[in-house]
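These are the residues of each chain, in order.
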Amino acid sequence: MKTDIKSLTLNQLNNEINKLNLPSFRAKQIYNWLHKVGCTTFDQMTNLSKDLRDKLEENYYISYCQIENKYVSKIDGTVKYLFKLNDGEYIESVVMKYKYGYTICVSSQVGCKMGCTFCASTLAGFKRNLTAGEIESQIHAAQNDLGVRISHIVMMGIGEPLDNFDNVILFLNNVNNENGLNISMRNITISTCGIVDKIYDLMNLDLQLTLTISLHAPNNDIRSKTMPVNNKYPIEEVIKACREYARVTGRRVSFEYTLIKGVNDSRENALELCERLKGLLCHVNLIPVNDVKERGNVCSSKADIQKFLNVLKSNSINATIRRTLGSDINASCGQLRYLKKRGDADENCC
Ligand code: SAH
């Protein structure tokens, strides 16, 4: 079995290069090709001799993302990719343009085990974790295709990042490296459904990234109905971990709250949420639920979303309504992989 050379840190790559009896400056060169340029074959590393490239080829492989389908929103230019991995599995990424630059939403697993009832990512089942190299390759594939520099990352694609903790940390280490993509931790967001033990592990690393919690409910009754993870880690424990996280790292925690008509969008729900978050350094993102056909959830009305927002604001909770991007291209992650698995064509593909 060959090793994925893209899933090594610079230190680890140095050790490998020593084992092959090569001078250590080669490690930095190879690292550059892999992480700055995003090479997908050793032959693209043109300042390495043919002998060395052959030697690398014998011992390692490079994980990559091949563009299977690409979708461009006619409304806002959002681009969504269905990527094929080395082993034939599929994942999705979305690139969005904001005033401050390009943001990519990356997947962390092939499928998801968490089973949230509104989400498409579980529909096609859980297959495996992504390697650090595969998570990063989504950025290289998109950047090289679009010819732009991506400056921000959100881990909100398919999968639960904290359920693939070690590979995600390795990925962060590499994208943050100045010899690689050199993306600041402050431009990176990790979104979790609330795996409390791992929130503490992340806190102890004291990275300057943004932690986002998919909360979606003000209490255990509602949360457990839509998010099975809540049975293991009830809402009180999630919020307690967030308070600790904000205290130790000094970083504001974000909450995602997807509004579903008649489920979690009443005035009482909003008031209970305020009570829950009182005194916590945080920001709430209200998200009109994306109606995934198979999930059957109905989005709250615009007026109800606005009322919900007003309750939060009048209780001094920082909150905004998330702008919906890519609504014409199934931009919620999980939907393309599911369609592909069912063998259905997608008419928006270009
Ligand atoms: N597993 C991680 C990250 C992936 S989901 C997490 O749970 O945070 C990224 C975000 O999209 C989460 O907040 C998720 O709850 C939300 N989401 C999933 N399906 C959605 C839908 N149909 N409409 C709106 N938001 C959705």
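Use the structure listed above.
Residues numbered from 1 in each chain as written. Predicted model: local features only at pLDDT ≥ 70, side-chain atom pairs only at ≥ 80, totals over all residues. Heavy atoms only, no water.

## Here's the deal with the sheet that holds strand 6 (residues 101–105)
Selection criterion: Think of it this way: DSSP has to see at least two bridges between two strands before they count as a pair. Only DSSP runs of H or I with at least four residues qualify as helices, and only runs of E with at least two residues qualify as strands; both kinds are numbered from the N terminus onward. Each axis is a line fitted through C-alpha atoms, taken for helices only over the stretch in contact, and angles between the N-to-C directions span 0 to 180 degrees.
Pairing is mixed across the open sheet formed by ten strands, whose spatial order is 3-4-5-6-9-10-11-12-13-14. Here the strands that pair on one side only, and so sit at the sheet edges, are strand 3 (66–72) and strand 14 (319–321). Geometrically, the sheet is characterised by an average inter-axis angle of 25° between neighbouring strands, direction not taken into account. Sheet topology note: the strand 10 (residues 188–192)/strand 11 (residues 210–214) ladder contains four bridges and is parallel. Bridge assignment links Ser191 to a residue of strand 11, and that residue is Thr212.

## Re the pattern of salt bridges
A side chain of one charge can pair with a side chain of the opposite charge if their charged atoms are brought near each other. We count it as follows: Within this document, salt bridges are pairs made up of a side-chain nitrogen of Lys or Arg and a carboxyl oxygen of Asp or Glu, the two lying within 4 Å of each other. Any residue under 20% of the maximum accessible area for its type is buried, any over 50% is exposed, and the rest in between are partly exposed; the area is computed with a 1.4 Å probe on protein chains only.
Applying the stated criterion across every chain yields a total of 14 salt bridges. Arg128 is the partner of Glu134 in a salt bridge, and the nearest nitrogen-oxygen pair spans 2.9 Å. Of the residues examined, Glu134 reaches a relative accessible area of 4% and is grouped as buried. Residues joined by salt bridges that share partners form a network here, namely Asp87, Arg128 and Glu134.

## Considerations on the site of the ligand
Keep this limit in mind: The near set for a molecule or strand comprises every residue that places at least one heavy atom within 4 Å of it. Distance and chemistry together define a polar contact, namely a pair of N or O atoms within 3.5 Å, with one atom able to donate a hydrogen and the other to accept it when in protein, and with adjacent residues in sequence counting only for side-chain atoms on both sides. Only the protein chains shown count as cover for residues, with accessible areas throughout obtained via the Shrake-Rupley method and a probe of 1.4 Å. Each residue gets one label: Ala, Val, Leu, Ile, Met, Phe, Trp, Tyr, Cys and Pro are nonpolar, Asp, Glu, Lys and Arg are charged, and the others, such as Gly, are polar.
With respect to spatial proximity, 18 residues lie near the ligand, and among them Glu160, Ser191, Ser214, His216 and Asn290 are the closest. One nitrogen or oxygen atom from the main chain of Phe118 is found 3.0 Å from a nitrogen atom belonging to the ligand. The contact in question runs from an oxygen atom of the ligand to an N or O atom on the backbone of Cys193, over 3.5 Å. Within the complex, 90% of the 530 Å² of free accessible area of the ligand lies under protein. For the shell around the ligand, the elements supplying multiple residues, two or more each, are strand 10 and strand 12 (253–259). Grouping the constituent residues of the shell around the ligand by class yields eight nonpolar, eight polar and two charged.

## With respect to helix 3 (residues 50–59)
For the α-helix, the turn length of 3.6 residues means that residues three or four positions removed from each other point alike. Convention followed: What the arc describes is the spread of directions from the helix axis to the C-beta atoms. Any two residues whose heavy atoms approach within 4.5 Å at even a single point are treated as in contact.
Leu52, Arg53 and Leu56 are the residues of helix 3 that are buried. All buried residues of helix 3 lie within an arc of 100° about the axis, which places them on one face of the element. Exposed side chains of helix 3 directed beyond 90 degrees from the buried face belong to Asp51 and Glu58. Where helix 3 is buried, its residues meet helix 2 (25–37) and strand 2 (60–61).

## Some points on the pairing of strand 12
Each regular strand carries side chains that alternate between the two faces of the sheet. For clarity, the threshold we go by: Look down the strands so they point away from you; if the path from the first strand over the helix to the second goes clockwise, the crossover is right-handed.
With seven of seven residues buried, strand 12 lies mostly within the body of the structure. Side chains of strand 12 alternate between two faces, with Val253, Phe255, Tyr257 and Leu259 and Ser254, Glu256 and Thr258 buried alike. With three bridges joining them, strand 11 and strand 12 adopt parallel strand pairing. When the sheet's bridge partners are listed, Thr212 is paired in strand 12 with Ser254. As judged from the seven bridges shared by strand 12 and strand 13 (residues 282–288), these two strands associate in the parallel manner. Among the inter-strand pairings, Ser254 is bridged to a residue of strand 13, identified as His283. As for the winding sense of the linkage, the β-α-β connection from strand 12 through helix 10 (residues 267–277) to strand 13 is right-handed.

## So, the environment of Thr40
Assignment of secondary structure puts Thr40 in the loop between helix 2 and helix 3. For Thr40, a relative accessible area of 35% corresponds to the partly exposed category. Linking Thr40 and Ser63, residues 23 residues apart in sequence, is a C-alpha distance of 7.4 Å. Sequence-distant contacts of Thr40, defined by excluding residues within four places in its chain, comprise Ile62 and Tyr64.

## Quick look at the packing of aromatic side chains
Short version of the rule: Pairing of aromatic side chains requires ring centres within 6.5 Å, counting the rings of Phe and Tyr and the six-membered ring of Trp. Pairs whose planes differ by under 30 degrees are stacked, by over 60 edge-to-face, and all others tilted. A positively charged side chain is recorded as over a ring if its NZ (Lys) or CZ (Arg) lies within 6 Å of the ring centre. The angle to the ring normal must also be within 35 degrees.
Enumeration according to the criterion identifies three aromatic pairs in this entry. Pairing Tyr81 with Phe83 gives two aromatic rings, centres 5.1 Å apart and planes at 10°, and the pair type is stacked. Of the residues examined, Tyr81 reaches a relative accessible area of 0% and is grouped as buried. Ring geometry for Tyr98 versus Tyr100: centroids 5.3 Å apart, planes at 10°, classification stacked. For the cation-ring pair, Lys113 lies above Phe126, with the distance from its terminal atom to the ring centre recorded as 4.9 Å. In this structure, Lys198 packs its charged tip against the face of Phe165, placed 5.3 Å from the ring centre.

## Side note on the side chain of Arg26
Spelled out, the test is: Charge assignment: positive for Lys and Arg, negative for Asp and Glu; neither His nor the chain ends contribute.
Take Arg26: it is sitting in helix 2. Buried charged residue Arg26 carries no salt bridge. Nearest counter-charge: Asp51, at 11 Å. Those residues in contact with Arg26 that sit more than four places away from it in its chain are Ile17, Asn47, Leu48 and Leu52.

Shape is all these values report; function is a separate question.
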